[in-house]
Amino acid sequence: AQTVTQSQPEMSVQEAETVTLSCTYDTSESDYYLFWYKQPPSRQMILVIRQEAYKQQNATENRFSVNFQKAAKSFSLKISDSQLGDAAMYFCAYRSVNNNDMRFGAGTRLTVKP
Amino acid sequence: DVKVTQSSRYLVKRTGEKVFLECVQDMDHENMFWYRQDPGLGLRLIYFSYDVKMKEKGDIPEGYSVSREKKERFSLILESASTNQTSMYLCASSLYAGWSYNEQFFGPGTRLTVL
């Protein structure tokens, strides 16, 4: 079974600075999907960004971008110009192409300091 | 926008009680999921359903059962609640696997405390 590892339980960043959250995964598949989800305190989990494995170009969504290294099985999330509203738990997730279910990492709690 | 709702945000039950957690989605999604979220463990899949009356065990099904009588509704049942089932429970839904990214949409969660 695929596993997803987030090695940073907690991270902090100064407002307006840039932070990178790490994610690695283990798979023998060549095609799959990767996701970053954000869970603000006491609020609903929402999708931040997604990436298809066969697309070489890194996904970007406004201040959020990923560094997808397929050979290294690495999928890090970069948050630029951090804002107080970015404070949340961030989960990395993996889904096989033909499977319905996802595998999640343990999460990284991001604190943004004013 | 997809909306996934859960019947309760907070729930307190006694050991041995039967507990029902309800989840409803309004986007005609085929798949529905139940996770529990614990600090340091991330989200662990309890059960999922890919169609009405169909269910599949996830990673930690012991002590839980599910019911899906209608496409939009997926219930998680704790037959006899125990203190180690105190947790945050998240429901999610998604389209069937063939639909591209097929990301999951989450409900707000139910924080269950078993005393």
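Everything below is about the structure shown above.
In every chain, residue numbers begin from 1 and rise along the written sequence. The order in which chains are written sets their letters, starting at A; the order in which ligands are written sets their numbers, starting at 1. At least 70 in pLDDT is required for a residue's local features to be given in this predicted model, at least 80 for side-chain atom pairs to be given and counted, and no such filter applies to totals for whole chains, interfaces and linings, which use all residues. Hydrogens and water are ignored here; the side-chain numbers use all heavy atoms of the structure.

Asker: Residues and numbers for the nonpolar core, please.
Answerer: In this structure, Tyr25, Trp36, Phe75, Leu77 and Tyr90 of chain A are the most contacted members of the largest nonpolar core, which totals 25 residues. In this text, helices come from DSSP runs of H or I with a minimum length of four residues, and strands from runs of E with a minimum of two, each type numbered from the N-terminal end. Of all the secondary structure elements, the ones that give two or more residues to this core are β3 (19-21), β5 (32-39), β6 (46-52), β8 (64-69), β9 (74-79), β10 (88-96) and β12 (108-113) of chain A. For this core, the leading source of residues is β10 of chain A, giving four residues. In terms of nonpolar packing, the next biggest core, distinct from the first, is built from 20 residues, Leu11, Leu21, Ile60 and Tyr89 of chain B among them. We call a set of buried residues a nonpolar core when its members are Ala, Val, Leu, Ile, Met, Phe, Trp, Tyr or Cys and they connect through side-chain atoms within 4.5 Å of each other. Burial classes: relative accessible area under 20% of the type maximum marks a residue as buried, over 50% as exposed, and values in between as partly exposed (1.4 Å probe, protein chains only).

Asker: Break down the pairing of β6 of chain A for me, with residues and values.
Answerer: Two faces make up the sheet, and in a regular strand the side chains alternate between them. All names here are of chain A. Taken together, the six bridges between β5 and β6 define a ladder with antiparallel strand orientation. Paired with leucine 34 across the strands is glutamine 51, a residue of β6. One bridge is not enough; two strands pair if DSSP finds at least two bridges between them. From the end of β5 to the start of β6, which pair antiparallel, there are six residues, and serine 42 there has a positive phi angle of about 60°.

Asker: Requested: an account of the interface of chain A and chain B, with residues and values cited.
Answerer: Should any heavy atoms of two residues lie within 4.5 Å, those residues are considered in contact. The interface of chain A with chain B comprises 24 residues on the first partner and 26 residues on the second. We define a salt bridge as a contact between a side-chain nitrogen of Lys or Arg and a carboxyl oxygen of Asp or Glu at a distance within 4 Å. For the interface between chain A and chain B, the tally reads two salt bridges. Among the ionic pairs, arginine 103 of chain A bridges to aspartate 59 of chain B, the shortest N-O distance being 2.5 Å. Side-chain atoms alone can form a polar contact between residues adjacent in sequence; in general such a contact is a pair of N or O atoms within 3.5 Å, and within protein one must be able to donate a hydrogen while the other accepts it. Counting every contact that joins chain A to chain B gives six residue pairs in polar contact (both at pLDDT 80 or more). Elements supplying a minimum of two residues to the side of chain A that touches chain B: β5, β6, β10 and β11 (103-104) of chain A. All amino acids are sorted into three groups, where Ala, Val, Leu, Ile, Met, Phe, Trp, Tyr, Cys and Pro are nonpolar, Asp, Glu, Lys and Arg are charged, and the leftover types, Gly among them, are polar. Here the residues of the side of chain A that touches chain B are counted per class, giving 10 nonpolar, eight polar and six charged.

Asker: Describe in detail the state of the cysteines, supporting the description with residues and values.
Answerer: Think of a disulfide as a covalent bridge from one cysteine sulfur atom to another cysteine sulfur atom. Residue and element names in this part refer to chain B. In this description, a disulfide is simply a cysteine sulfur pair whose atoms lie within 2.5 Å. Under the defined criterion, the tally for this structure stands at two disulfides over all chains. Sulfur-sulfur distance for the disulfide between cysteine 23 and cysteine 91 comes to 1.8 Å. Every disulfide takes its handedness from the sign of the S-S torsion; for cysteine 23 and cysteine 91 that torsion is -80°, giving left-handed. Taken together, the positions of cysteine 23 in strand β3 (residues 19-25) and cysteine 91 in strand β9 (residues 87-94) put the pair 68 residues apart, joining distant regions of the chain. On the basis of relative accessible area, cysteine 23 is assigned to the buried category, the value being 0%. Classification of cysteine 91 by relative accessible area gives buried; the value is 0%.

Function cannot be read off these values alone, since they describe shape.
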